[in-house]
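Fold and contact review
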Amino acid sequence: MKKFLAVLLLTIIVAMSQQVYAAFEDTYWGVRALGMGGAFTAVANDANAPLYNIAGIANCGQKEITLMGSRLFAGLDGVEIAANYLGAVYPVTEEWGSVSFAWSSLGTPALARYDTFNLGYARKVNDLLEVDEEFVMLSAGLNLKYLRQEINFDEEDKDLSDSKGAVTCDIGLLATFENGLRLGFSSKYLTSPDMGYEEKDSVKNMTVFGIGYFSELLPYVNIPTFTADLDLILIDGETKFRLGLESYVLDDKLGIRLGGREEAVNIGFGYEFVFANEATLIVDYAFELPFEIEESYGSHFIALSFRFN
Amino acid sequence: MKKRIAGLLSLIVLLGVSVYLYAAEPLRVLSAFASFGGVILPKITHTAIETVSSIDKILNAKISVDFGSYSNANATARIDYSVDGGSVEQEPPGEGITIKNNEEFFIQLPTFLESSTNVDYQIVVDFRDEQGTIIKTVTFPSGTQPQHAELTDTITKDVTASVGGVVEFGSGNQQYDSTKLEIAPNSLSTDAQIIIKQLGVEDYISSTEQMAALYQVYSIPANIEILSPIKATFYYGVNPTSTDFVLKYKQNDSDSWSSIPITKTDLQNKTVIANISSLGYYGIFEKAKEEDKSYRPKNRVRVKSRISTYGGFMFKGLKDGDVVKIYTISGKKVAELTVGNADGFEWKGRKGTNNSGDWASSGTYVYQIKLKGGKVISGTIAFVW
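Keep in mind that this is a model prediction, so the values were computed, not measured. (Residues numbered from 1 in each chain as written. Chains lettered and ligands numbered in written order. Predicted model: local features only at pLDDT ≥ 70, side-chain atom pairs only at ≥ 80, totals over all residues.)

Attention shifts here to the overall build of chain B. The number of helices and strands found in chain B is four helices and 28 strands. Looking at chain B alone, contacts between residues at least 24 apart form 60% of all its contacts between residues at least 6 apart. (Helix = DSSP H or I, 4+ residues; strand = E, 2+ residues; numbered from the N terminus. Contact = placed C-beta atoms within 7 Å.)

What follows concerns the overall build of chain A. If you tally the helices and strands in chain A, you get four helices and 14 strands. Per-residue burial for chain A yields a buried fraction of 49% across its 309 residues. Contacts in chain A between residues at least 24 apart in sequence constitute 57% of all its contacts with a sequence separation of at least 6. (Buried ≥ 20, exposed ≤ 12 C-beta atoms within 10 Å, placed from the backbone.)

Further remarks concern the sheet that holds strand S19 (residues 271-276) of chain B. Residue and element names in this part refer to chain B. One open sheet accounts for five strands, arranged S11-S12-S15-S19-S18; its pairing is antiparallel. In this open sheet, the two strands that pair with only one neighbour each are strand S11 (165-169) and strand S18 (264-266). The mean angle between the axes of side-by-side strands here comes to 15 degrees, regardless of whether they run parallel or antiparallel. (Pairing = 2+ DSSP bridges. Axes fitted to C-alpha atoms, helices over the stretch in contact; angles between N-to-C directions.)

All right, on to unusual backbone geometry then. Here Phe140 of chain B and Pro141 of chain B are connected by a cis peptide whose omega angle stands at -5 degrees. Within the secondary structure layout, Pro141 of chain B lies in the loop between strand S8 (134-140) and strand S9 (147-151). Going from Ile220 of chain B to Pro221 of chain B, the amide bond is cis rather than trans, its omega being 0 degrees. With respect to the helices and strands, Pro221 of chain B occurs in the loop between strand S14 (210-220) and strand S15 (230-235). Of note in the backbone geometry, Asn222 of chain A takes a positive phi value of approximately 55 degrees without being a glycine. Its location among the elements puts Asn222 of chain A in the loop between strand S8 (206-218) and strand S9 (223-235). Look at Asn222 of chain A and you get exposed, because 8 C-beta atoms sit within 10 Å. One non-glycine residue, Glu278 of chain A, lies in the positive phi region at around 60 degrees.

Residue and element names in this part refer to chain A. Relative to S8, strand S7 (residues 181-188) runs antiparallel, the two being bridged by eight bridges. Looking at the pairing, Ser187 lines up with Thr207 of S8. By the bridge criterion, 12 bridges tie S8 to S9 in an arrangement that is antiparallel. Pairing of Val208 across the sheet is with Ile233, part of S9. Between S8 and the antiparallel strand that follows it, S9, lie four residues; Tyr220 among them carries a positive phi value of about 75 degrees.

The next subject is the pairing of strand S1 (residues 63-74) of chain A. Within a regular beta strand, the side chains point alternately toward one face of the sheet and then the other, so they alternate between its two faces. All names here are of chain A. Examined bridge by bridge, S1 and strand S14 (residues 298-308) share 10 bridges and lie antiparallel to one another. Bridged to Ile65 within S14 is Phe306. Relative to strand S2 (residues 82-93), S1 runs antiparallel, the two being bridged by five bridges. Paired with Met68 across the strands is Tyr85, a residue of S2.

Turning our eyes to something else, we now look at the sheet that holds strand S23 (residues 323-328) of chain B. Residue and element names in this part refer to chain B. Read from one edge of the open sheet, six strands run S21-S28-S27-S23-S24-S26, paired in mixed fashion. Where the open sheet ends on each side, the last strands, each with one partner, are strand S21 (301-303) and strand S26 (352-353). Note: S23 against strand S24 (residues 333-337), four bridges, orientation antiparallel. Pairing of Ile326 across the sheet is with Ala335, part of S24.

Moving on, we come to the environment of Lys372 of chain B. All names here are of chain B. Of note, Lys372 is situated in the loop between strand S27 (363-370) and strand S28 (376-384). Judged by the 11 C-beta atoms lying within 10 Å of it, Lys372 is exposed. Sequence separation of Lys372 and Asp322 is 50 residues, and the distance between their C-alpha atoms is 4.9 Å. In this structure Lys372 touches Gly321 and Asp322, once residues within four positions along its chain are discounted.

If you look at the biggest cluster of nonpolar residues, it comprises 94 residues, and the most contacted ones within it are Ala55 of chain A together with Phe315, Val324, Ile326 and Val384 of chain B. For this core, the element with the most residues is strand S6 (residues 163-177) of chain A, which contributes seven residues. Residues within four places of Ile326 of chain B in sequence aside, it is in contact with Val334, Ala335, Trp347, Tyr365 and Tyr367 of chain B. By size, the runner-up hydrophobic cluster in this structure holds 29 residues, among which are Ile196, Met211, Tyr215 and Val217 of chain B. (Core = buried A, V, L, I, M, F, W, Y, C linked by C-beta atoms within 7 Å.)

Another aspect to go through is the environment of Leu279 of chain B. Residue and element names in this part refer to chain B. One can find Leu279 in the loop between S19 and strand S20 (280-286). For Leu279, a count of 22 C-beta atoms within 10 Å gives the class buried. Beyond its immediate stretch of four places on either side in the chain, Leu279 contacts Val217, Tyr218 and Ser219.

On the secondary structure map, Gly78 of chain A appears in the loop between S1 and S2. With residues near it in sequence (within four places) discarded, Gly78 of chain A still touches Ile377, Ser378 and Gly379 of chain B.

Looking now at the confidence of the model for chain A. Per-residue confidence for chain A gives a mean pLDDT of 89; residues scoring 70 or more make up 92%. Residue range residues 9-22 of chain A is modelled with pLDDT below 50. Its contacts to residues more than four positions away, or to other chains, number 33 contacts. (pLDDT = per-residue confidence, 0-100.)

Put into structure tokens, the structure is as follows:
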């Protein structure tokens with residue numbers, strides 16, 4: 001355990017010393033996570049994990065693939081922004097850990113598009129650190145990322161290349177305690193890659209600390225299959241918070257979610273259709289209402305996921 | 001033991017890659033590898049038929065080509081076409097015109113085409129290397145089958161009152177649905193010839209609305225009655241970008257317009273659908289398009305280091321009391337403009353009120369123009385470093 005804390009501390013120091021700046025910071029990925037206001041760093045236990053906390057894919061017991069589509073700021077004429085996400089997790093073995101692939105895309109037609117391709121690996125590390133799994137499950141992961149942005153420049157800027165790409169990585173750590181406490185850490189865009197066209201424009205390094213709690217039946221209020229997550233995000237000298245709550249009802253098939261962050265409030269739900277051989281089809285929906293942007297009916301996100309052995 | 005070795009190896013790889021990524025700047029090897037991951041084929045986008053006047057139409061192809069992986073190649077474009085089954089001609093003759101990546105251009109056939117002309121055409125784009133050798137050719141449509149266009153501005157159909165029928169008018173653009181009247185049995189007081197004629201819209205531009213398409217619907221004999229509503233589908237054309245239309249009617253050209261309800265706007269097929277009970281003129285107007293457009297920034301992408309040369313995002317025509325707010329994609333306000341100059345309000349990529357703060361980050365932003373009267377106009381812009 002001391003070794004794990006030492007690694008955690010070292011990683012945090014390295015991550016927080018990075019230079020900060022630029023685009024790619026917005027997270028609109030994964031409908032379950034969005035239903036929880038984007039607070040997912042300490043939860044991170046499904047195909048949405050690659051973009052929140054790569055260490056979480058080590059806790060996926062089954063293969064899983066998820067596909068998300070969205071419509072941001074519906075109701076605003078002249079604003080057409082779509083965020084799409086594809087995530088897949090493949091647990092290899094307990095010894096070799098899990099691998100993942102994820103693609104996220106944020107685009108505005110005829111204006112700009114930002115794509116991220118992610119190749120992740122994570123593993124439980126109790127055996128290496130000699131920590132009892134009965135007390136806490138520890139996992140660590142690395143996410144290699146290729147970032148690409150494409151801009152439809154105006155006539156006078158046509159001499160600039162339309163697209164720009166760079167490689168970087170995320171790292172993640174996750175501790176799941178026997179008593180329901182969960183601690184997550186994720187440092188994204190670790191190398192702060194330069195994505196500038198004319199000037200240096202480093203993608204902001206984003207450091208996220210997550211604290212979560214899971215209970216099969218929340219004491220005193222009897223909320224079944226309850227999960228909570230509070231994320232603290234450090235980016236470009238700013239501190240942000242995200243909060244998410246989730247409960248599963250109807251024999252753990254219907255998930256109800258609530259969350260929020262500084263700019264918006266979120267609600268969501270998901271239903272799991274269980275088939276033979278423990279295969280599960282999951283339909284998730286999330287809604288986000290921004291506080292400051294006027295005349296919008298909010299942003300809508302929907303995802304189909306499939307989990308199987 | 002085996003479990004431990006596997007775990008240790010995994011961790012060593014993980015840490016090794018982390019250290020390498022942290023140390024290696026700018027990671028040229030991995031970037032280069034990712035850049036050559038696949039070949040993206042060029043893609044042609046175009047819209048076909050333009051109405052020039054009530055009599056003449058023209059094949060004025062509005063084209064843009066996404067070069068894909070051939071962005072460094074030289075490219076030329078031309079149209080191969082034949083009129084009424086005649087010989088295949090090229091416009092422009094020879095290799096065609098030089099084009100640029102994603103830049104919109106036009107190729108116009110050399111002669112005006114009469115009503116009821118058939119044109120088969122194919123857009124051909126050749127990509128050449130530095131020696132001028134063709135390395136890739138793409139066409140629209142792909143394959144050998146050309147695009148077929150029937151250039152008709154008037155359609156006539158004999159309709160038997162007791163049977164009804166469909167009077168259909170080709171849009172001239174094969175991607176979209178057509179203008180048509182669906183006449184149910186016993187909707188007309190007597191048998192008649194029903195005629196739809198497309199008219200030019202040049203004389204119908206105002207400061208607050210812009211007419212997208214104009215049709216005259218009439219009959220021979222002229223004095224028939226419509227006993228029950230006719231379902232009318234009007235194609236509004238490829239140019240409007242609005243999603244909000246108004247359908248207006250007048251019986252004679254000298255009358256004033258009156259609005260009639262649209263039952264459906266089909267953005268996919270670029271049509272509006274309404275139930276009509278009179279013959280006359282039907283105009284499709286883009287609602288308040290011109291008013292909104294006048295405030296929106298003409299340039300939607302600005303580069304930080306070039307703002308001093310080309311200017312920032314200019315919101316024209318705004319006055320005291322109007323406000324422009326700039327938000328990140330995540331919905332956080334980063335800038336606000338409350339004052340400007342004679343031209344309008346200009347956002348120079350700075351945070352805070354009236355460009356008083358630090359530079360904003362690269363990225364796409366949502367703007368909202370709030371006019372003094374309360375109207376809110378929204379859009380997106382991209383700020384690039």
